[in-house]
Amino acid sequence: MNTRTLPRLSRAILPVPGLQRPPSTPEPGIVHLGLGNFHRAHQAVYTANALRRTDGPWGITGVSTSPGRGPRPVLTGMAEQDCLYTVLTLHRDRAVAATVPGVHHAPLAADGQGADVVAAIGSATTRIVSLTVTEKGYTFGADGHLDLDDPLVRADLKGGTPRTALGLTVRGLQQRLRTGAVPVTVLCCDNLMDNGRQLRRLLGEFIAALPAAERDDLQTYLDTAVSTPSTMVDRIAPATTDEHRALVARAFGVRDTVPVPAEPYKLWVLQDDFRAGRPAWEAAGAVFVRDVAPYELMKLRLLNGAHSLLAYLGLLRGHRSIDQAVTDDLLGAAVEAAMRDEILPTVTAPDAMPGKAYIAELLDRFANPALGHRTAQVASDGSLKIPVRWAGVIEESLAAGRVPRLLALGIAAYVRVVTGGADAYDEQALGIVHDAARPRLTELARRTREPGEAAGLILTESGLLPQQAAQHEAFASAVAEAARTLHTHGAEAALRWART
Ligand code: CS2
């Protein structure tokens, strides 16, 4: 796919609704860190749709992050294809719609082109710096603060060309400060609670760790001219496989090495606090509200919380994808019960999203068989996801005198998947679960032969949950019992235990 084949593509897919592209790539105004599938199926699509209605300098310079992981196929693919790629909207009935956002400029790699990234963020024409770098991209430690022991963070603080998301952003802001301190918005689009505020705090911690001479002006610039609105982002966009590439070739007759599969649903709720303008995303369906927090809480706890539960228990039940996991009667019913009885009581549903209807909609979205969303993908990085998705629910349930047994089982399942590896589930068929905490958790688990005790040790020493919840007697004993049941009798028995 490239600009020359685009007309052919449009003709070829005329019967497919939705294929359009702005006439030419708009002037760059956004630098986006994290060129993964989620950004390419979410913000890029909202931006393209907004630009169809209202022009503006809102082209996106995408930056592939992931330091140390070598050249990313998405970077090469986008570069070879004139920054064009297909978003495949995969419907439950197997109907496919396609769209080509066409809003990106030549992408950059944080690894190797850090100076160019800093220059792009530093340019006065950049009005928004947005991020989808996943939980681990924010380089915070188990306590949620900037991880000053992380070698990449330390190197970035010392100077030289930065490689972390925070390093790139702060060095870019530093450059802006030197060249006129033009206001800018830094927009977190990741699944973190209060994501704008958290990002702002982390940027502040990074600045505070710089040498004294660099600190003060930069902090003042951050305080006075940089906004960091909070956002709730939502669209399931699984990893690309050869099947998706083949689908584009078959349906549209073009070769696209980097298409993005995505579900039909999408939602973006934002706080309207942009210091230097923004695309008319509302024209594309984005919702601007004064307080994003209720939407974030609802989405992170119900969607992402249930997703993680389906992922760990799904792997232990032998399921490769989320739709298989949710259509497993026993597991699907357990996850629905967890959403209704354990999670929903801890959120205040916004009027626009009544709780029960939202749960029904989520179950329907999860069951979309066309997505093939891998359980191993959702299960990865649990050490960073669980504190966001489950910890608050567990803490608040315990404070209200309820022991959330299904989430206790979720913790036990996470421990079993991450420390048991191939003994716990078929890693070869279902995929490896990546988690930076794996070596440490495995070491903790090896200190005892008793699975209940091992889970208990991990609960108290891993920082997954706040200490008070981790040491809550009834909860800790539920986790230990769940771990023992999983180990000795398997996931089916454990699911039955959790529902008694
Ligand atoms: C998923 C999310 O991989 C995961 O952990 O829970 O990526 C999820 O698909 C999105 O947040 C949906 O908006």
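Before reading further, recall that the structure is shown in the block above.
The sections below set out a description of the structure shown in this document. Being a predicted model, the structure only gives us computed values, none of them experimental.

1. Quick notes on the overall build of the protein chain
If you tally the helices and strands in the protein chain, you get 24 helices and 12 strands. Referenced to the eigenvectors of the C-alpha coordinate spread, the extents of the protein chain come out at roughly 60 × 60 × 45 Å. Looking at the protein chain as a whole, 58% of its 500 residues are labelled buried. Taking all contacts inside the protein chain whose residues are at least 6 apart in sequence as the whole, residues at least 24 apart take part in 76%. Here the protein chain displays about 19700 Å² of accessible surface, and carbon together with sulfur accounts for 50% of that area. Positive and negative side-chain charges of the protein chain, numbering 52 and 53 respectively, have mean locations separated by a distance of 4 Å.

2. Section: the site of the ligand
The immediate surroundings of the ligand are formed by Asn191, Asp234, Arg235, Ile236, Lys299, Leu303, Asn304, His307, His373, Val378, Lys385 and Arg389. Contact between the ligand and Asn304: an oxygen atom at 3.0 Å from a side-chain N or O atom of the residue. Relative to its unbound accessible surface of 340 Å², the ligand loses 88% to contact with the protein. Elements supplying a minimum of two residues to the shell around the ligand: α11 (293-316) and α16 (382-389). With four residues, α11 is the single largest residue contributor to the shell around the ligand.

3. Observations concerning the sheet that holds strand β5 (residues 104-109)
As summarised here, the arrangement of the six strands in space is β5-β2-β1-β6-β7-β8, forming an open sheet in which the pairing is parallel. Each edge of the open sheet is held by one strand with a lone partner, namely β5 and β8 (226-227). Sheet analysis places strand β2 (residues 59-64) next to β5, joined by four bridges and oriented parallel. Pairing of Ile60 across the sheet is with His104, part of β5. Against the sheet, helix α7 (residues 165-178) touches β1 (28-33), β6 (128-131), β7 (184-188) and β8, its axis set at about 170 degrees to β7. In the packing of helix α8 (residues 195-208) onto the sheet, the strands contacted are β6, β7 and β8, and the crossing angle to β7 comes to about 115 degrees.

4. Re the environment of Ile432
In this fold, Ile432 is placed in the loop between α19 (427-430) and α20 (438-445). By relative accessible area, Ile432 is classed as partly exposed at 44%. For the pair Ile432 and Thr65, spaced 367 residues apart in the sequence, the C-alpha separation amounts to 22 Å. Each residue touching Ile432, except ones within four places of it in the same chain, is listed here: Ala376, Ser380, Tyr425, Glu427 and Arg438.

5. Points about the packing of helix α21 (residues 451-461) against helix α23 (residues 473-489)
Two elements in contact, α21 and α23, have axes whose closest approach is 7 Å; the angle formed by their N-to-C orientations is 135 degrees. Considering their axes alone, α21 and α23 lie oblique with respect to each other. The crossing of α21 and α23 is right-handed. Together, Pro451, Gly452, Ala455 and Leu459 of α21 and Phe475, Ala476, Val479, Ala480, Ala483, Arg484 and His487 of α23 make up the contact between the two elements. Looking at the contact of α21 with α23 residue by residue, the class counts come to eight nonpolar, two polar and one charged.

6. Structural notes on the environment of Leu384
Here Leu384 lies in helix α16. Once residues lying within four places of it in the same chain are set aside, the contact partners of Leu384 are Glu135, Lys136 and Phe140.

7. Observations concerning the packing of α20 against α21
One can describe the packing of α20 onto α21 by two numbers: an axis separation of 8 Å at closest approach and a directional angle of 135 degrees. Here α20 is positioned oblique relative to α21, judged by the angle of their axes. Judged by the sense of rotation from one axis to the other, the crossing of α20 with α21 is right-handed. Residues Arg440, Leu441, Leu444 and Ala445 of α20 form the contact with α21, whose own contacting residues are Ala454, Leu457, Ile458 and Glu461.

8. Observations regarding helix α3 (residues 43-53)
One turn of an α-helix holds 3.6 residues; hence residues three or four places apart share an orientation. Burial within α3 is extensive, with nine of its 11 residues counted as buried. Along α3, the positions that sit buried rather than exposed are Gln43, Ala44, Val45, Tyr46, Thr47, Ala48, Asn49, Ala50 and Leu51.

9. Some thoughts on the pattern of salt bridges
For the structure shown, the criterion picks out 19 salt bridges. Between Asp381 and Lys136 there is a salt bridge whose closest N-O contact spans 3.0 Å. Of this pair, Asp381 sits in the loop between α15 (375-379) and α16 while Lys136 is found in the loop between β6 and α6 (151-158), placing the two residues 245 residues apart along the sequence. On the accessibility criterion, Asp381 (13% relative accessible area) is buried. On the basis of relative accessible area, Lys136 is assigned to the partly exposed category, the value being 45%. A salt bridge links Glu443 to Arg447, with the nearest nitrogen and oxygen atoms 3.3 Å apart. Here Glu443 falls in the partly exposed class, since its relative accessible area comes to 41%. What makes Arg447 partly exposed here is its relative accessible area of 48%. Three or more residues are tied together by salt bridges with common partners; here these are Arg317, Asp328, Glu492 and Arg496.

The rules behind the values
- Within each chain, residues carry numbers counting from 1 in the order of the written sequence.
- Totals for whole chains, interfaces and linings use every residue, but because this is a predicted model, local features are given only for residues with pLDDT of at least 70 and side-chain atom pairs only at 80 or more, for both listing and counting.
- Excluded from the side-chain calculation are hydrogens and water; included are all heavy atoms of the structure.
- Each helix is a run of DSSP H or I of at least 4 residues and each strand a run of E of at least 2, with the numbering of both proceeding from the N terminus.
- Accessibility here uses a 1.4 Å probe with only protein chains present; expressed as a share of the type maximum, an area under 20% marks a residue as buried, one over 50% as exposed, and anything in between as partly exposed.
- Only heavy atoms matter for contacts: two residues are in contact if any of them lie within 4.5 Å across the pair.
- Here the open area of atoms and residues is found with the Shrake-Rupley method and a 1.4 Å probe, where only the protein chains shown may cover a residue.
- Positive charge is attributed to Lys and Arg, negative charge to Asp and Glu, and no charge count is given to His or to the chain ends.
- Here the site of a charge means NZ on Lys, CZ on Arg, CG on Asp, or CD on Glu.
- Each residue is tested against the molecule or strand, and it is near if at least one of its non-hydrogen atoms lies within 4 Å.
- Under the rule applied, a polar contact is a pair of N or O atoms within 3.5 Å (in protein, one hydrogen donor and one hydrogen acceptor; residues adjacent in sequence only if both atoms are side-chain atoms).
- In short, DSSP must find at least two bridges between two strands for them to pair.
- The axes used here are C-alpha line fits, helices contributing only the stretch in contact, and every angle between their N-to-C directions lies in the interval 0 to 180 degrees.
- By definition in this entry, angles of less than 35 degrees are roughly parallel, angles greater than 145 are roughly antiparallel, angles of 65 to 115 are roughly perpendicular, and the rest are oblique.
- Should the near helix be turned anticlockwise from the far one by less than a right angle, the crossing is left-handed, and should it be turned clockwise, the crossing is right-handed.
- Amino acids outside the nonpolar list (Ala, Val, Leu, Ile, Met, Phe, Trp, Tyr, Cys, Pro) and the charged list (Asp, Glu, Lys, Arg) are all regarded as polar, and Gly is one of them.
- Salt bridges are defined by distance alone: a side-chain nitrogen of Lys or Arg within 4 Å of a carboxyl oxygen of Asp or Glu.

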